[in-house]
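Listed below are the residues making up each chain.
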Amino acid sequence: MKTIEALAPDQASLSSASKLTKRSNWPRLEKNEQLALIWGECQGSGSNPYRVVVDTGDHGYKCTCPSRKFPCKHTLALMWIAATTPASFTAAGSTPEWVNDWLGRRRKTTSQPAAPATGAAGKSIGEASRDDETAAVEDAAAIERREAAQRKRAQDTRSSVSAALDELDQWISDQLRLGLAGFVDNSSDRCRRIAARLVDMKATALAGRIDEIPSRLMGLRSEERPDAAIRELGKLVLLAKAWRSTPDDAELKRLVSTSESREQVLANPEAIQVESVWEVLGEKIETRRDGLVSHATWLLDLNSASPRFALLLDYFPASAGRRSNAFTPGDRFDARLVFYPARQPLRALVVERKGDVSPREWPDFGFDIADPLPAHVALQDTAPWLTDCPVMLPPGGILLDDRGEAWWQSTDNPHGIALPIADTVNPTLLGLDLAATAALWSGSRLHLLAAQSGFGRLDLS
């Protein structure tokens, strides 16, 4: 039990965990003593239970709940049950696939189980078992101990992430030394291994990004992949250097380790808030290799004279199934958004939604030049680690080349800029005059979102 107290992030987590130790909360509790694993499913408020697994050897853990406290109350509760009523666990002959997936992604530490930390003095199983009112009473000394423990955890995390970036630098050097052709051919295995190392060393966000490099490369023609690999690795180098320069920078912490909570963003005085009329341009839903689903919803500010975009980003476990969408492409609504602090703020949260508004045309952005890439270059100048950048394309059309692949081309200059399109294009769009087109530019392909034409708004996502 002392180990559980030491691992708990705060007293509130222990108190919450104590309420989840009832057997009725856990429709499934199993163990594998040879692998030193226990796992279970805890029924929460949703339709699907949270899946929790704990390595009893080194106290590694994984839970599918969205909590930002580590370990979460479900993990603590599972360990609590194992410590107090071990007979609740059924011996399993084999481990479930989701447990095997977690085992494949992590690397066990070789250190001994952590001894109760000094900060654990502020957390007590006994206190967690008392009434909530009693447990909520904290004296100044307890608050100081908790804050000291938080500072120590933050310093430990920074040291671990710094070491992770050192390993990443060495890994990138190895890929260049071995040759890009080999990297492209074996990117899946190589990226998976370094991503697992980064997860162990708390560079979780960066690990997720590296895990997606193979799919980004495979979406290109074979002759394009070495150049794309150089760009992907170069962005990682720049991101690592930037983090080392300013490890407390909110944007860099978000890209390398973990993101802020909604409450932290709302409380940040540097977070920009914009109240306007927004149109849902389109969605991009991707199932990632780490078992999460990324759901990106892109918005356009209809009151801005120049193109202003916002990104609503949500993650949820793929095992939870497809979620119902809060927005539909083409929706228009009046709302106040708060943007995550960044050099080029794009990711945002809806603070207050005031209601839908009637359909209307996009603003006249007054395209002065036929080249849409200056907007992309401006984003890259300040944040070169960005991947997909939103752009508003001037009047143009969609054509096919002699390979049958689709391109967007400016109308004004048939010999001017043309950009390849990543996705399959509906043949009915070919040759249409598009007055303006919203898209995401990855540096090598366009992902179309929506367009305005003589037939009205077109949904292209």
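Residues numbered from 1 in each chain as written. Predicted model: local features only at pLDDT ≥ 70, side-chain atom pairs only at ≥ 80, totals over all residues. Heavy atoms only, no water.

(A) Main features of the sheet that holds strand β8 (residues 309-317). One open sheet accounts for five strands, arranged β8-β7-β6-β9-β10; its pairing is antiparallel. Both edges of this open sheet fall to β8 and β10 (348-356), since each of them pairs with a single strand only. For this sheet the average axis-to-axis angle between neighbouring strands, irrespective of direction, equals 40°. Pairing between strand β7 (residues 292-301) and β8: nine bridges, direction antiparallel. (Pairing = 2+ DSSP bridges. Helix = DSSP H or I, 4+ residues; strand = E, 2+ residues; numbered from the N terminus. Axes fitted to C-alpha atoms, helices over the stretch in contact; angles between N-to-C directions.)

(B) The arrangement of the pattern of salt bridges in detail. Scanning the model with the defined rule gives 28 salt bridges in all. Here R28 and E41 are joined by a salt bridge, their closest N and O atoms 3.5 Å apart. A residue pair is termed long-range when its members are at least 10 positions apart, and R28 in strand β1 (residues 28-32) and E41 in strand β2 (residues 37-42) qualify at 13 residues. With a relative accessible area of 25%, R28 lands in the partly exposed category. (Salt bridge = Lys/Arg side-chain N within 4 Å of Asp/Glu carboxyl O. Buried < 20%, exposed > 50% of the residue type's maximum accessible area, 1.4 Å probe, protein only.)

(C) Expanded view of helix α15 (residues 373-382). Residues of α15 that are buried: H376, L379 and Q380. Angularly, the buried residues of α15 cover 95° about the axis, an arc narrow enough to put them on a single face. Where α15 is buried, its residues contact α12 (225-245), β11 (389-393) and β15 (434-441). (Arc of directions from axis to C-beta. Contact = heavy atoms within 4.5 Å.)

(D) The packing of aromatic side chains, seen in detail. All chains considered together, the criterion is met by three aromatic pairs. Judged by centre distance (5.9 Å) and plane angle (75°), the rings of W171 and F183 are edge-to-face. A residue pair is termed long-range when its members are at least 10 positions apart, and W171 in helix α7 (residues 140-178) and F183 in helix α8 (residues 180-185) qualify at 12 residues. For the pair W171 and F183, a shared accessibility class is recorded, and that class is buried. Note on F327 and F333: the rings are 5.1 Å apart at their centroids and 20° apart in plane angle, and the pair reads as stacked. Residues F327 and F333 agree in their burial class; the two are buried. Residue placement shows R347 over the ring face of Y340; its charged tip is 4.4 Å from the ring centre. (Phe/Tyr/Trp six-rings, centres within 6.5 Å; stacked < 30°, edge-to-face > 60°. Lys NZ or Arg CZ within 6 Å of the ring centre and 35° of its normal.)

(E) Fine view of the nonpolar core. Core analysis: the biggest nonpolar cluster contains 36 residues, and L168, L206 and I210 have the highest contact counts within it. Every element with two or more residues in this core is listed here: α7, α8, α9 (187-200), α10 (204-211), α11 (213-218), α12 and α13 (250-256). L20, C65, M79 and F89 belong to the second-largest nonpolar core, a separate cluster that totals 21 residues. (Core = buried A, V, L, I, M, F, W, Y, C linked by side-chain atoms within 4.5 Å.)

(F) Geometry of the sheet that holds strand β4 (residues 61-63). Within the open sheet, the five strands sit side by side as β4-β3-β2-β1-β5. Their pairing is mixed. Each having just a single partner strand, β4 and β5 (90-91) make up the two edges of the open sheet. Sheet contacts for helix α3 (residues 73-84): β1, β2, β3 (50-55) and β4; angle to β3, the most-contacted strand, approximately 55°.

(G) Local environment of α9. For α9, built from 14 residues, the straight-helix expectation of 20 Å at 1.5 Å per residue is met to within 8% by its first-to-last C-alpha distance of 20 Å. Taken as a whole, α9 has its buried residues at S187, R190, C191, R192, I194, A195, A196, R197 and L198. Positive backbone phi, at 70°, marks K202, one or two positions downstream of α9. (Expected span 1.5 Å × (residues − 1).)

(H) Summary view of the side chain of Q452. Its place among the elements puts Q452 in strand β16 (residues 446-453). For Q452, a relative accessible area of 7% puts it in the buried group. Once residues lying within four places of it in the same chain are set aside, the contact partners of Q452 are E361, W362, D433, L434, A435, A436 and R457.

(I) Looking closely at the packing of α7 against α12. Where α7 contacts α12, the two axes come as close as 10 Å, and the packing angle between them is 150°. Judged by the angle between their axes, α7 and α12 are roughly antiparallel. Crossing hand, α7 versus α12: left-handed. Across the interface between the two elements, R158, V161, S162, L165, D166, L168, D169, W171, I172 and L176 from α7 touch I230, L233, L236, V237, A240, W243 and R244 from α12. Tallied by class, the residues present in the contact of α7 with α12 amount to 12 nonpolar, one polar and four charged. (Parallel < 35°, antiparallel > 145°, perpendicular 65-115°, else oblique. Left-handed = near helix turned anticlockwise from the far one by under 90°. Nonpolar A, V, L, I, M, F, W, Y, C, P; charged D, E, K, R; others polar.)

Honestly, that's just the spatial picture; any functional story needs more than this.
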